[in-house]
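# Architecture at a glance
Listed below are the residues making up each chain.
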Amino acid sequence: MTNQDVVMPDIIATPAAMPGRAPPFACRGAAAAAVSVSSMRVVVSAAATAAAHVPTIRPCASWVVEAMRASSPTRTPAAATADGKKKQQHPSALGGFEQIAAAASGKHVVVFLDYDGTLSPIVSNPDMAFMSDEMRAAVRGVAEHFPAAIVTGRRVDKVQSFVGISELYYAGSHGMDIKGPSCSNAYKALMEKTKSTPGARVENNKFCLSVHFRCVDEKRWIPLAEQVKAVLRDYPQLKLTQGRKVLEIRPSIMWDKGKAVEFLLKSLGFDDRSDVLPVYIGDDRTDEDAFKVLRKRGQGIGIIVSKYPKETDASYSLQDTAEVMEFLVRLVQWKRRR
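Residues numbered from 1 in each chain as written. Predicted model: local features only at pLDDT ≥ 70, side-chain atom pairs only at ≥ 80, totals over all residues. Heavy atoms only, no water.

## Digging into the overall build of the protein chain
Each helix and strand counted, the protein chain has 10 helices and 14 strands in total. Counting only residues that meet the buried cut, the protein chain has 49% of its 338 residues in that class. Taking the intrachain contacts of the protein chain between residues at least 6 apart in sequence as the baseline, contacts between residues at least 24 apart amount to 70%. (Helix = DSSP H or I, 4+ residues; strand = E, 2+ residues; numbered from the N terminus. Buried < 20%, exposed > 50% of the residue type's maximum accessible area, 1.4 Å probe, protein only. Contact = heavy atoms within 4.5 Å.)

Following this line, the structure appears as structure tokens:
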């Protein structure tokens, strides 16, 4: 088995000008990965690739559809999971803002933000998921006062065009930039396979693929899931995950939004420091990887954006993008007062 290159020339788009803030420096990875400062290339060894989970495609698409429904509610979901465990309603990050401020006192706050469903509403056409001017102003205020990054499944160039703030760091494709033709070939196959499903939309995020079903009738979800799984049978190096109104196909390596957060913290020089408080805000299942990292560190605050109780590793919740904007504005006001 040969090494697999994970290339990061645009995984992190750094701020063009950040007065008083030193540029990020390359971190020293574990034995399984080496980071080159000049090329920003992470080479994942055969051992790391072998350790990654390559899921077996199950014969039935029911598990995919169940996950699609769970992550994309069209109705108020039940308060309990299938095993009877009660879903928890987490305290509001707005109502608990003073506790968050107290935890941040005397620390360097680093802000991580998802894009879709967090800074912009979920819309039927993903190419029209624009931020409001008010949200952009709130995010710009955050970037002026804190190191801040957008961590998204989108391509870096696309989300940069949506946000339009040069002071931010951007981590695209779930913080992953994989060198290789696999996703490109799979993209063509998915386009051909899903064209018979009205409303299905395949988006090429360069190093991961998104099959949006926001405009697909729920009765067609099972056939669509079967179509996607049929394509993946020819690409065992890719794995299928679920997001909010989207099926996502990514390389089967150990990299996700949680790894991206760890990489960014190291690159910014904030790793292994007790005076840092990472704050991550996101609405999607893929954001759970970041919440888990913060919980495992015992340092940091995860905030899930959801109107409904969910099983999550986040500590607080915000109901929608309007509350996210209010929280960001209050965070900037708190910093200015200090």
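Next, the rest of the story.
## Concerning the nonpolar core
Counting residues in each nonpolar core, the largest one holds 42 residues, and the members touching the most others are Leu 119, Ile 281, Phe 327 and Leu 328. Ranked by residue count, the leading element in this core is helix H10 (residues 321-337), at 6 residues. Sequence-distant contacts of Ile 281, defined by excluding residues within four places in its chain, comprise Phe 112, Leu 113, Asp 114, Thr 118, Ile 303, Val 305, Leu 318, Val 324, Phe 327 and Leu 328. In terms of nonpolar packing, the next biggest core, distinct from the first, is built from 21 residues, Ala 171, Trp 255, Leu 268 and Tyr 280 among them. (Core = buried A, V, L, I, M, F, W, Y, C linked by side-chain atoms within 4.5 Å.)

## Topic: the sheet that holds strand S8 (residues 201-204)
Read from one edge of the open sheet, 4 strands run S8-S9-S11-S10, paired in antiparallel fashion. In this open sheet, the two edge strands, each paired with only one partner strand, are S8 and strand S10 (238-243). When the angles between neighbouring strand axes are averaged without regard to direction, this sheet yields 20°. Here 4 bridges tie strand S9 (residues 209-212) to strand S11 (residues 246-251), and the two strands are oriented antiparallel to one another. Across the sheet, the residue bridging to Val 211 is Leu 247, located in S11. Running at roughly 155° to S10, helix H7 (residues 221-232) makes contact with S9, S10 and S11 of the sheet. (Pairing = 2+ DSSP bridges. Axes fitted to C-alpha atoms, helices over the stretch in contact; angles between N-to-C directions.)

## Focus: the pattern of salt bridges
On inspection of all chains with the given rule, the structure shows 15 salt bridges. The partner of Arg 201 in a salt bridge is Asp 127, and the shortest N-O contact between them spans 2.2 Å. Pair noted here: Arg 201 is in strand S8 and Asp 127 is in the loop between strand S5 (108-113) and helix H4 (133-145), with a separation of 74 residues, a long-range link. The shortest N-O distance in the salt bridge between Asp 157 and Arg 155 comes to 3.2 Å. According to the relative accessible area criterion, Arg 155 is partly exposed, its value standing at 28%. (Salt bridge = Lys/Arg side-chain N within 4 Å of Asp/Glu carboxyl O.)

## Some thoughts on H4
Relative to the 18 Å expected for 13 residues at 1.5 Å per residue, H4 spans 19 Å between its end C-alpha atoms, a close match to the ideal helical length. What H4 keeps buried is the set Met 135, Arg 136, Ala 138, Val 139, Gly 141, Val 142 and Ala 143. The inward-facing, buried residues of H4 abut S5, strand S6 (148-151), helix H5 (156-163) and H10. (Expected span 1.5 Å × (residues − 1).)

## Quick look at unusual backbone geometry
Residue Lys 245 is not a glycine yet carries a positive backbone phi of 60°. Tracing the sequence through the fold places Lys 245 in the loop between S10 and S11. Residue Asp 272 is not a glycine yet carries a positive backbone phi of 55°. Tracing the chain through its elements places Asp 272 in the loop between helix H8 (257-267) and strand S12 (276-282).

## Looking at the packing of aromatic side chains
Applying the stated rule across the entire model yields 6 aromatic pairs. For the pair Phe 112 and Tyr 280, a centre-to-centre distance of 6.3 Å together with 25° between the ring planes defines the contact as stacked. Pair noted here: Phe 112 is in strand S5 and Tyr 280 is in strand S12, with a separation of 168 residues, a long-range link. Judged by its relative accessible area of 0%, Tyr 280 falls in the buried class. (Phe/Tyr/Trp six-rings, centres within 6.5 Å; stacked < 30°, edge-to-face > 60°.)

## Remarks on the environment of Gln 333
For Gln 333, the location among the structural elements is in helix H10. Assessed through its relative accessible area of 38%, Gln 333 is described here as partly exposed. Taking the C-alpha atoms as reference points, Gln 333 and Val 142, 191 residues apart in sequence, are found 9.6 Å from one another.

## Regarding the confidence of the model for the protein chain
Summarising the model, the protein chain shows a mean pLDDT of 77, and 69% of its residues fall at 70 or more. With pLDDT under 50 throughout, residues 17-60 is counted as low confidence; its partners more than four residues away or in other chains account for 86 contacts. The low-confidence segment residues 177-182, where pLDDT is below 50, has 22 contacts with residues more than four positions distant or belonging to other chains. (pLDDT = per-residue confidence, 0-100.)

## Some details on the packing of H4 against H10
In the contact formed by H4 and H10, the axes pass within 9 Å of each other and the chain directions differ by 35°. The two elements H4 and H10 cross, and the hand of that crossing is left-handed. Along the contact surface, H4 presents Glu 134, Met 135, Ala 138, Val 139, Gly 141, Val 142 and His 145, while H10 presents Thr 321, Val 324, Met 325, Leu 328, Val 329, Val 332, Lys 335 and Arg 336. Classifying every residue of the contact of H4 with H10 by side-chain character gives 9 nonpolar, 3 polar and 3 charged. (Left-handed = near helix turned anticlockwise from the far one by under 90°. Nonpolar A, V, L, I, M, F, W, Y, C, P; charged D, E, K, R; others polar.)

## As for helix H3 (residues 97-104)
What H3 keeps buried is the set Phe 97, Ile 100, Ala 101 and Ala 104. All buried residues of H3 lie within an arc of 100° about the axis, which places them on one face of the element. Structural note: H3 exposes Glu 98 and Ala 102 on the side pointing more than 90 degrees away from its buried face. Just downstream of H3, Gly 106 is the residue with a positive phi angle, here 75°. (Arc of directions from axis to C-beta.)

## Focus on the environment of Ser 124
Inspection of the secondary structure puts Ser 124 in the loop between S5 and H4. The spacing of Ser 124 and Cys 215 is 91 residues in sequence and 6.0 Å in space, taken between C-alpha atoms.

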